[in-house]
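One-letter residues, chain by chain:
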Amino acid sequence: MADMGNLWEDLRKQARQLENEIDLKLVSFSKLGTNYSSHIDYGNKPNEEHALTKSESAPLINKSSSEHMFDTMAMEIEQLLSKLQDVNDRMSDYTQNISMSSPSAALLHTLQRHRDILQDYSHEFHKTKANISAIREREDLLGSVRRDISAYKNSSGLNRRTDMYLKEHDHIRSSEKMIDDQISIAIATKENLQSQRKVLGTITQKMNSLANRFPLINTLMQKINLRKRRDTIILASVIATCVIILLLYAFH
């Protein structure tokens, strides 16, 4: 059973590591798409202005380097998504083959959460990939020129807003992971308390059964309780008497 628990923890660690890697890759992939889009959309500049800005500096991303980065990063993300899918499948097999009557709610909740994360990452990747592919096709059809430093300055505000949105996205992801961990801890604590409650109930039933079997023990317990009550009454009387004496002494 311990080995099975270690296997589950190893699978969770692998899933979290892959999710963090995919998250970082998707952020870079999204930035690449934003820069690529801004770079291409500025290609319809008039010839005179384009010649002036081109003389100031080189384009931010040329065609060969941007396409190579896009293809390489897309391939890396697809491989990571495939690995994460494999880990999720192994986690699903674990919950089905676990040697208990049924998997706990914490395991099912964790598995569903990792599945949702994989689905969100896959959707985000395919959406970004489709947008960049559409931009590349548009570039090939229109034959637009590369964006230069002036285009980058004009779109710098958009890039800053995009960076802010991406950072906020990272913060939201981190908060969701922390909340997920807290929910898992709460569910596990609830299950432990329920288990302890059952154990205490079983002990109480055994004690009652033992008292019913041996009347002498029950009688002895009653005498002990009576003796305890009597001692309590005596002690309370002594304390009350002392307090009254102290009050009388204080007022005189």
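Note that this is a predicted model, so its numbers are computed, not measured.

The rules behind each value
- Residues numbered from 1 in each chain as written.
- Predicted model: local features only at pLDDT ≥ 70, side-chain atom pairs only at ≥ 80, totals over all residues.
- Heavy atoms only, no water.
- Patch = residues over 30% accessible without salt bridge, like charges linked within 9 Å, V, L, I, M, F, W, Y side chains within 5 Å.
- Areas by Shrake-Rupley, 256 points an atom, 1.4 Å probe, with all protein chains shown as cover.
- Salt bridge = Lys/Arg side-chain N within 4 Å of Asp/Glu carboxyl O.
- Helix = DSSP H or I, 4+ residues; strand = E, 2+ residues; numbered from the N terminus.
- Core = buried A, V, L, I, M, F, W, Y, C linked by side-chain atoms within 4.5 Å.
- Buried < 20%, exposed > 50% of the residue type's maximum accessible area, 1.4 Å probe, protein only.
- Contact = heavy atoms within 4.5 Å.
- 1 Å grid on protein atoms, 1.4 Å probe; cavity = no way out; pocket = protein on both sides within 12 Å on 5 of 7 lines; lining within 4 Å.
- Points joined across faces, edges and corners; volume = space filled by probe spheres on them.
- Nonpolar A, V, L, I, M, F, W, Y, C, P; charged D, E, K, R; others polar.
- pLDDT = per-residue confidence, 0-100.
- Phe/Tyr/Trp six-rings, centres within 6.5 Å; stacked < 30°, edge-to-face > 60°.

Chemist: How do you make sense of a nonpolar patch on the surface when you look at a structure like this?
Modeler: Judged by side-chain polarity, Val199, Leu200, Ile203, Met207 and Leu210 come together as a nonpolar surface patch covering roughly 470 Å² of accessible area. Along the polypeptide, isoleucine 203 turns up in helix 6 (residues 156-213).

Chemist: I keep staring at the nonpolar core and nothing clicks. Help me out?
Modeler: Nonpolar side chains in soluble globular proteins tend to end up buried together. Counting residues in hydrophobic clusters, the biggest one holds 26 residues, and the most contacted among them are Ile22, Phe29, Ile77, Leu81, Met91 and Phe125. Those elements that provide at least two residues to this core are helix 1 (2-41), helix 3 (63-97) and helix 4 (105-142). Look past the residues within four positions of methionine 91 in its chain and what remains in contact with it is Trp8, Leu11, Arg12, Ala15, Leu111 and His114.

Chemist: I'm lost on the layout of surface pockets in this one. Help?
Modeler: A water-sized probe, rolled over the atoms, reveals where empty space remains. The volume enclosed by the second largest pocket comes to roughly 170 Å³. As for the second largest pocket, its lining consists of Trp8, Glu9, Arg12, Ser104, Ala106, Leu107, Thr110, Ser184, Ile185, Ala188, Glu191 and Asn192. Elements with a minimum of two residues in the lining of the second largest pocket: helix 1, helix 4 and helix 6. Of the residues belonging to the lining of the second largest pocket, the class tally is five nonpolar, four polar and three charged.

Chemist: Can you walk me through the confidence of the model for the protein chain in this structure?
Modeler: The predicted coordinates should not be examined in detail at positions where pLDDT is low. Within the protein chain, residue pLDDT values average 76, and 75% of them lie at 70 or more. Per-element averaging of pLDDT across the protein chain places helix 2 (residues 47-56) at the bottom with 41 and helix 7 (residues 215-251) at the top with 86. Contacts of residues 41-61 to residues separated by more than four positions or lying in other chains number 33 contacts, the stretch itself having pLDDT below 50.

Chemist: Looking at this structure, how should I read the packing of aromatic side chains?
Modeler: What characterises a pair of aromatic rings is the spacing of the ring centres plus the angle enclosed by the ring planes. Counting across every chain of the model gives two aromatic pairs. Taken together, a centroid distance of 5.6 Å and an interplanar angle of 35° make the contact between phenylalanine 29 and phenylalanine 125 tilted. One end of the pair, phenylalanine 29, is in helix 1; the other, phenylalanine 125, is in helix 4, with 96 residues separating them in the sequence. You can call phenylalanine 125 buried: its relative accessible area is 0%.

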